[in-house]
Amino acid sequence: MTPLLALLLAVDAPLVVEAPVSNSPVIVVQAFVPAPGALDGDQAAAWFALAEALSDGTEEFSRDRFLGYAGQTGIAFEARATPEFMTVRLAVPSGGMDLAGHLTESVLRRAALRERALAEGIDRLRRRRADPWSQALHVYDLDFRRVNRERVLLLYRQAFYSSKVVVAVSGAFQAGEATVELAARLATVGRQQPFRPGYANAPRRTAGTGGEAGVVELSAGRVTPEQPARILAVFALGVGKTGAMHRALRNNRGWSYRQEALLWPTVGGWMPRFLAARRELPAEPGEIVKQAILADIETWDAETLARALGTARASLAGRFALSPIWLDAGGPDQGSVADAAAWAGFWAMAGRPGLSRTDVASLLQEVSLEDLKTAALGLIEESVARSIPGQAR
Amino acid sequence: VTAAALAFALLLGQEPAQAKERLPNGATVFVERFGRTGTATVALHARASAPEGPMRQGWRHLVEHFAARGATRSVDALLEARGCLLTAETTRDGMTFLVSGPASETPTMLRAVADVLAGFQATDDEVTNEAQIVLEELALTSSAVREARAAWALVPERGVEPAGVQESLSRATANGLQAVYADTFDPERLVLAVSGEVDVPGTVELAKAMLGRVAFEGALEPDPPPLEGLASSGTAVRVASMSQRQTLAVLAVGFGVRERLAGVEMVYTPSPGPAVVTLSGEGVSALRGWSSNDWALARQAGRQILTAYLRALEGSVRERASLRATFLPVEPAFEPEDLRRIAGRMTTEDLDAAEASWRAGAQ
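It should be emphasised that the depicted structure is a prediction, and the values quoted were computed from it without experimental measurement.

J.: Any chance you could break down the overall build of chain A for me, citing the residues and the numbers?
T.: Within chain A one finds 15 helices and nine strands. Its C-alpha atoms give chain A a radius of gyration of 21 Å, within 12% of the compact-globule value 21 Å for 393 residues. Here chain A holds 393 residues, and the buried ones make up 59% of them. Long-range contacts, defined here as pairs at least 24 residues apart, represent 81% of the contacts in chain A between residues at least 6 apart.

Structure, rendered in structure tokens:
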């Protein structure tokens, strides 16, 4: 089928979004693939296994070929899952849009997903060790006993052939070039799959962090760009060493070494998460954290607002090492060429294509101190607490 | 580029890409214009005067916690309102403060570093409280890092684990830390490196003015480290400076093993001195059954991953500043791009030796 015919017949083409970065030495493609509905325990395990098995390569491109492109670009091929969506990222040297298109098509349409790769992927997930903080952030209690290749392939077809998929491309290229290259390649005729949106209730980690420190978490309802005060409140509450959590839990009480707020990526936008680590968690640690933060909010003044805006502007510009902004499960946004694709793709998936970093920064600029305090109180009061114990040494 | 070369470049009306200068008090300033991201990183590295011993184990780490706040204790407020951030780390090589932010805020970042160098203030109670915070920090350590710390027993001459242990941390006093602070910030061992989209001559002048005022003198009583390592665990290989081909070969093979075996983690912190690289985790035991072909595949994949890693390292403003500050005192001609060039010259013999080291460690 010619590309033009494919486009004309396409009923299920993913959305392609472009984020040109002039002078970039690489082209980065990042696909955002929502899970096909709310995943139950077995499906969630298969979903995470699928992400691991994708790293094995495709019918045309071996794992070693992907490693070779990583050597040329400094950006590794990665597939990462959250319970709600998966991201697949690859990079090629600048000028290689045709190659980028071919690789992307191959990964999204003809992933190898061999039995052996799946077994190895599950083995990696089972044996994965992480520090207590990462355990709290990323690790789910997954049962792989009923995961098999058929189940993984079914999930792959349901999710990757869906029109809900967004493919974001960043790097140095002409406007429209990526869309022309990718839309035709990824057009699929008559393969529409049902999609049931919903928040995946993958089992959250409860068994323990695997380390000495436990972690307590407060999670609040989703925030959207229409709620700039709630977004800015996340920065005032838990970003940097001037955030309320650092002041209330570390400086004032010596209660915890690490405490942070995150804007966690979900299919519909960001979900605020507030985490604090401590040895020997007391009873109801969530309530202790809540009360300490609520008391701190009462002390906020114009300087609090200025510092929150400072960290928010820097984070939105991709220039803050402790940015709370996550666009996928790979780590905080650092403003790289790859992050340019992640930003564009994430917001397109969340139903806000074209939303820019400066759009969000401008909205935050208008927030008053009173609105900030009200939003912060609301976030903490509505939040749900959970904790994962550490293990005494 | 020396001060004379900088002056010559200015005479010709050219903006130099980098400049290095040694100040009368012994401190070194290095500035490079790099990248187009509008960001900059100021790295202050205080090279350790001597390996830490068991009496004061972790005291430099405690000093780092206090120094990072600045003498005025307002460093974070100053920086974060302007979108900048200070982080700090203590290793066997020394203490490193990294301040990152918009390149236009480089003068603010230098002011923050000046505050770090403006003296030590803490009461005994505050030291006791901070020691508790350090213990909270240690509780967040992953098992891979714990095993890597134990493996430093292979390099006993570099002293004890700098993060500290409860026993020695609980002995720390304000006066004791005061002496460690003065020793740490002896200008003879200070390097300030700036990378980013900065004006090189202007930044050099600002840095010189700030660093030139530092006049601490180290006079610590010796705290000798143990002569021999006590115990090591995991699969560890002792390496020399990261800029040695043999070290990069060890890293390449290690990356390859990690790529091909589930449940394996590798730990290494870039260093210009002797160090260890560790592979740990449940999967390591499978190495004993590896065939020659397994090792060959690991070597092949590992070379690619090492190249990707080094490319990412040299392309990051933050990593460049940190690498330069740490390596300059030991390897004055060091350039971040050298690492990838050196890796490109790795020979089959280098990889054979690296593989043999990992094989021996796995037995």
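J.: Could you give an account of the packing of helix H11 (residues 292-315) of chain B against helix H14 (residues 348-362) of chain B, naming the residues involved and the relevant values?
T.: All names here are of chain B. Following both chains from N to C, one finds H11 and H14 inclined at 120°, their axes separated by 11 Å at the closest point. For the element pair H11 / H14, the angle class is oblique. The hand of the H11/H14 crossing is right-handed. Of H14, the residues touching H11 (which contributes Ser292, Trp295, Arg299 and Arg303) are Thr348, Leu351, Asp352, Glu355, Trp358 and Arg359. Of the residues assigned to the contact of H11 with H14, the class counts are three nonpolar, two polar and five charged.

J.: Give me the pairing of strand S4 (residues 85-93) of chain A: which residues, what numbers.
T.: Residues and elements named next belong to chain A. S4 sits mainly inside the fold: eight of its nine residues count as buried. Direction of pairing for strand S2 (residues 26-34) relative to S4: antiparallel, over a ladder of nine bridges. Note that in S4 the partner of Val26 across the bridge is Pro93. Bridge analysis of strand S3 (residues 78-81) against S4 gives four bridges, and the strand direction is antiparallel. Each bridged residue has a counterpart across the sheet, and for Ala81 the counterpart in S4 is Met86. Count of turn residues in the S3/S4 antiparallel hairpin: three residues.

J.: Lay out the nonpolar core with the relevant residues and their values.
T.: If you look at the biggest cluster of nonpolar residues, it comprises 71 residues, and the most contacted ones within it are A:Leu232, A:Leu237, A:Trp270 and A:Phe274. With residues near it in sequence (within four places) discarded, A:Leu237 still touches A:Gly243, A:Ala244, A:Met245, A:Phe274, A:Ile293, A:Ile297, A:Trp300, A:Ala376, A:Leu379 and A:Ile380. In terms of nonpolar packing, the next biggest core, distinct from the first, is built from 55 residues, B:Val63, B:Val75, B:Leu110 and B:Val200 among them.

J.: Any chance you could break down the interface of chain A and chain B for me, citing the residues and the numbers?
T.: The partner chain B presents 46 residues to the 45 residues of chain A that form the contact. Summing both sides of the interface, chain A and chain B together bury roughly 3,700 Å²; the carbon and sulfur share of this comes to 54%. In terms of surface lost to chain B, no three residues of chain A exceed A:Arg129, A:Tyr257 and A:Arg319, which account for 21% of the buried area on that side. Put simply, chain A and chain B have five salt bridges between them. Residue B:Asp76 pairs with A:Lys241 through a salt bridge whose shortest N-O separation is 3.1 Å. At the surface where chain A touches chain B, the tally comes to 14 residue pairs in polar contact (both at pLDDT 80 or more).

About the cut-offs
Residues numbered from 1 in each chain as written. Chains lettered and ligands numbered in written order. Predicted model: local features only at pLDDT ≥ 70, side-chain atom pairs only at ≥ 80, totals over all residues. Heavy atoms only, no water. Helix = DSSP H or I, 4+ residues; strand = E, 2+ residues; numbered from the N terminus. Rg over C-alpha atoms; globule rule 2.2 N^0.38 Å. Buried < 20%, exposed > 50% of the residue type's maximum accessible area, 1.4 Å probe, protein only. Contact = heavy atoms within 4.5 Å. Axes fitted to C-alpha atoms, helices over the stretch in contact; angles between N-to-C directions. Parallel < 35°, antiparallel > 145°, perpendicular 65-115°, else oblique. Left-handed = near helix turned anticlockwise from the far one by under 90°. Nonpolar A, V, L, I, M, F, W, Y, C, P; charged D, E, K, R; others polar. Pairing = 2+ DSSP bridges. Core = buried A, V, L, I, M, F, W, Y, C linked by side-chain atoms within 4.5 Å. Buried area = accessible area lost by both parts, 1.4 Å probe. Salt bridge = Lys/Arg side-chain N within 4 Å of Asp/Glu carboxyl O. Polar contact = N/O pair within 3.5 Å; in protein donor to acceptor, adjacent residues only side chain to side chain.

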